[in-house]
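Chains, contacts and geometry: an overview
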Amino acid sequence: MIFVSACLVGINCKYNGGNNYNEKIFDMVKEGKAIPICPEQLGGLSTPRDPTEIKNINGKIYAINNKGNDVTAQFERGANEVLKLAKSLNIKKAILQPRSPSCGIGKIYSGNFDNKLIDGDGILVQLLKENGIEVVSCDEITNKL
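Once a new chain begins, its residue numbering starts again from 1 and follows that chain's sequence as written. Selection of residues for local features in this predicted model requires a pLDDT of at least 70, selection of side-chain atom pairs for listing and counting requires 80 or more, and totals for whole chains, interfaces and linings are taken over all residues. Only hydrogens and water are set aside; all other atoms, that is, all heavy atoms of the structure, feed into the side-chain values.

**Looking at the environment of glycine 44**
Helical segments are the DSSP runs of H or I of at least four residues, strand segments are the runs of E of at least two, and each set is numbered from the N terminus. Within the secondary structure layout, glycine 44 lies in the loop between helix 2 (39–42) and strand 3 (52–57). In this structure glycine 44 comes out as exposed when scored by relative accessible area, which is 59%. Placed 29 residues apart in sequence, glycine 44 and alanine 73 show a C-alpha to C-alpha distance of 9.6 Å. When a residue's accessible area, from a 1.4 Å probe over protein chains only, is under 20% of the maximum for its type it is buried; when over 50% it is exposed; and in between it is partly exposed.

**Notes on the nonpolar core**
Counting 24 residues, the largest nonpolar core has Phe3, Leu96, Leu124 and Leu128 as the members making the most contacts within it. If you list the elements that add at least two residues to this core, you get helix 3 (72–89), strand 5 (93–96) and helix 4 (123–130). When checking whether two residues touch, look at their non-hydrogen atoms; a contact exists if any pair is within 4.5 Å. When sequence neighbours within four positions are dropped, the list of residues in contact with leucine 124 reads Ile37, Pro39, Ala79, Val82, Leu96, Ser102 and Cys103. The term nonpolar core refers to a set of buried residues drawn from Ala, Val, Leu, Ile, Met, Phe, Trp, Tyr and Cys, joined through side-chain atoms within 4.5 Å. Within the second largest apolar cluster, 15 residues are counted, among which are Ile2, Ala34, Val136 and Ile141.

**A few points about the environment of isoleucine 133**
Checked against the element boundaries, isoleucine 133 lands in the loop between helix 4 and strand 8 (134–137). A sequence separation of 40 residues divides isoleucine 133 from lysine 93, and the C-alpha atoms of the two residues are 5.4 Å apart. In this structure, isoleucine 133 is in contact with Leu83, Ala86, Ile91, Lys92, Lys93, Ala94 and Leu128, ignoring residues within four places of it in sequence.

**Quick notes on unusual backbone geometry**
The step from threonine 47 to proline 48 runs through a cis peptide bond, and the omega angle for that step is 0°. As for its placement among the helices and strands, proline 48 is situated in the loop between helix 2 and strand 3. In this model, arginine 99 sits at a positive phi of 75°, which is unusual for a non-glycine residue. Structurally, arginine 99 is set in the loop between strand 5 and strand 6 (107–109). The phi angle at phenylalanine 113 is positive, at roughly 55°, despite the residue not being glycine.

**Quick word on the side chain of serine 137**
By the element assignment, serine 137 lies in strand 8. Relative accessible area serves as the criterion here: at 10%, serine 137 is assigned to the buried category. A polar side-chain atom of serine 137 sits 3.1 Å from the main-chain amide nitrogen of aspartate 139. Excluding residues within four positions of it along the chain, serine 137 makes contact with Ile95, Leu96, Pro98 and Ile105. Polar contacts, as used here, are pairs of N or O atoms within 3.5 Å; protein pairs need one atom able to donate a hydrogen and one able to accept it. Residues neighboring in sequence count only if both atoms are side-chain atoms.

**Considerations on helix 3**
End to end, helix 3 covers 26 Å across 18 residues, agreeing with the expected 26 Å (1.5 Å per residue, within 8%). Listed as buried for helix 3 are Thr72, Phe75, Gly78, Ala79, Val82, Leu83 and Ala86. Mapping the buried residues of helix 3 onto a view down its axis gives an arc of 140°, with all of them on the same face. Along helix 3, exposed side chains directed more than 90 degrees from the buried face belong to Lys84, Lys87 and Ser88. The inward-facing, buried residues of helix 3 contact strand 1 (2–5), strand 2 (34–37), helix 2, strand 3, strand 4 (60–65) and helix 4. Backbone geometry just after helix 3 places asparagine 90 at a positive phi near 60°. In this analysis, the expected span of each helix is defined as 1.5 Å times one less than the number of residues it contains. To be clear, the arc concerns the directions from the helix axis to the C-beta atoms.

This is the structure we're talking about:
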């Protein structure tokens, strides 16, 4: 069993109330091979919600929305809930949505709301990697399915 970003299976949990439906990922859930998760909702954030990007300030990672509010605690809470579930279900792999401040793998938005990508991982991705869970982008995995 693996985790997948809930937005990939058509659940309207993106910041703007939409989703990133991917038929191949949806089929994995339908076949009982994957479980959808949304760390931002699990952390208590509403949908829709203000766009949020990751900022590195003096070596510490923060999730800051476009109104300047610090929502790091909610992002961390959601990531920790996903990790607890992963441990209880013995999940070893996650397929996640690229560029997200939670689920982004390898590239995330700059933190300046300028639509530029920088090297980095989302808050959930960092936590899963630190705990030995393999994380891949849906872009990478759907090309192989």
